[in-house]
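For reference, the chains in residue letters:
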Amino acid sequence: MAADRILDRWYEAARVRCGPRRKFAEEQETGKALFAAREMPELDHPTVAERGTQMREFLLAQRLYQYLQFTVHVESRIINRALELLANGHIEIGSLSSWPIRLNAYQIYTDEAFHALSNLDLIDQVARVTGIEPCRYSFDRVIMALDGPMRVILPGHEHLGQLMQAVVFETALSSILDILPRDPTVHSVVRAVVADHAADERRHHAYFSRVFPEIWRQLDGQTRTKVAHYLPYALRGCLEPDLAHAAHVLLTAGLSSTDAEEVLAEKYWTEMIDTRIREWGRYTLNLFRNTGVLDVPGASEKFAAAGL
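This one's a predicted model, so the numbers in the text were calculated from it and none came from an experiment.

(A) Quick peek at the nonpolar core. Core analysis: the largest hydrophobic core is formed by 102 residues, its most contacted members being Leu-59, Met-164, Phe-169, Phe-212, Leu-231 and Leu-239. Per-element tally for this core: the top contributor is helix H4 (residues 53-87), with 18 residues. Discounting residues that sit within four places of it in the chain, Phe-169 has contacts with Phe-70, Val-74, Ile-78, Ile-79, Val-142, Leu-146 and Cys-238.

Below, the structure is given as structure tokens:
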């Protein structure tokens, strides 16, 4: 399999090997935002807008913190959980247990640990400079959305399910990572941290895009059906917005529970969420389509029922 050649220049190109530590200094970029305002429709709601600049800056900071904390958890609890299985030879599917693939898995494992560190470092720096402390954040919702259906649909195949989760995250998040680096309204250090991540993730995306068809080819028909029926849950679990956390942030900012519910209901309706998930997950959906996942009996119906 050609996936092992994707990381041939890892020692020269990986950000953990050659990139500087990114340092946040707010005073150098007056007027820049901590996050892309166009990705936060709640900012334009009259109930939020009338609260003024201080409210807006607080919400932008919290959205950055949530984005960074989400990444920390994804890398350490989802991606590296699966990569450890590959790296240590616990998944024996064809060439996946070969030395090149295992070494590549450890290289990506190292990248992901570095991304988690960089994100946590940026949270600490921004909080110290701005004085805005991060709201309490929990990743448990995502874990339950991923692992709950996995245990039901793939009993006895948890390692395979965890690898599928990594495939989904590593191929779906590439489109999201393109957003912040291209937004000139955002602080350059925030953009740089995300751009560093995106540079590594392009190689990871290519790696998992080649690993997935290798896995798929060697699954028996019954297991293929189970995997195909599980993947819509994995994709939604990866990309669905965390409205519970958004509500918690709005309450912390001073909105009443009624106002917070109204803001989120008016700005995050079902059709809008489904459209964004399909857009963000387009690379992953194309990978599944091209590999034959949607040809499995019942798979198309499962993806359609999930709004995909």
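(B) Quick peek at empty space enclosed by the protein. Inspection of the entire model under this criterion finds 2 cavities of 30 Å³ or more. There is about 650 Å³ of room inside the largest cavity. Around the largest cavity, the lining is made up of 36 residues, and of these Arg-63, Gln-66, Tyr-67, Pro-241 and Trp-280 lie nearest the centre. Contributing elements (two or more residues each) for the lining of the largest cavity: H4, helix H7 (158-177), helix H9 (221-239), helix H10 (243-252) and helix H12 (270-280). Among the elements that take part in the lining of the largest cavity, H4 stands out by supplying 9 residues, more than any other.

(C) How the structure looks around the packing of H4 against helix H6 (residues 140-153). Two elements in contact, H4 and H6, have axes separated by 11 Å at closest approach and are oriented at 30 degrees. Judged by the angle between their axes, H4 and H6 are roughly parallel. By crossing handedness, the relation of H4 to H6 is classed as right-handed. Contact residues: H4 offers Phe-70, Arg-77, Ile-78 and Arg-81, while H6 offers Asp-140, Val-142, Ile-143, Leu-146 and Asp-147. Residue composition of the contact of H4 with H6, by class: 5 nonpolar, no polar and 4 charged.

(D) Representation of the packing of aromatic side chains within the structure. Under the criterion given, the structure shown has 8 aromatic pairs. Taking the centre distance of 6.4 Å and the plane angle of 40 degrees together, the rings of Phe-70 and Phe-169 count as tilted. Here Phe-70 is found in helix H4, whereas its partner Phe-169 is found in helix H7, with 99 residues between them in sequence. Assessed through its relative accessible area of 15%, Phe-70 is described here as buried. Using a relative accessible area of 0% as the deciding quantity, one classes Phe-169 as buried.

Thresholds applied
- Residues numbered from 1 in each chain as written.
- Predicted model: local features only at pLDDT ≥ 70, side-chain atom pairs only at ≥ 80, totals over all residues.
- Heavy atoms only, no water.
- Core = buried A, V, L, I, M, F, W, Y, C linked by side-chain atoms within 4.5 Å.
- Buried < 20%, exposed > 50% of the residue type's maximum accessible area, 1.4 Å probe, protein only.
- Helix = DSSP H or I, 4+ residues; strand = E, 2+ residues; numbered from the N terminus.
- Contact = heavy atoms within 4.5 Å.
- 1 Å grid on protein atoms, 1.4 Å probe; cavity = no way out; pocket = protein on both sides within 12 Å on 5 of 7 lines; lining within 4 Å.
- Points joined across faces, edges and corners; volume = space filled by probe spheres on them.
- Axes fitted to C-alpha atoms, helices over the stretch in contact; angles between N-to-C directions.
- Parallel < 35°, antiparallel > 145°, perpendicular 65-115°, else oblique.
- Left-handed = near helix turned anticlockwise from the far one by under 90°.
- Nonpolar A, V, L, I, M, F, W, Y, C, P; charged D, E, K, R; others polar.
- Phe/Tyr/Trp six-rings, centres within 6.5 Å; stacked < 30°, edge-to-face > 60°.

That's the geometry; what it means functionally is another story.
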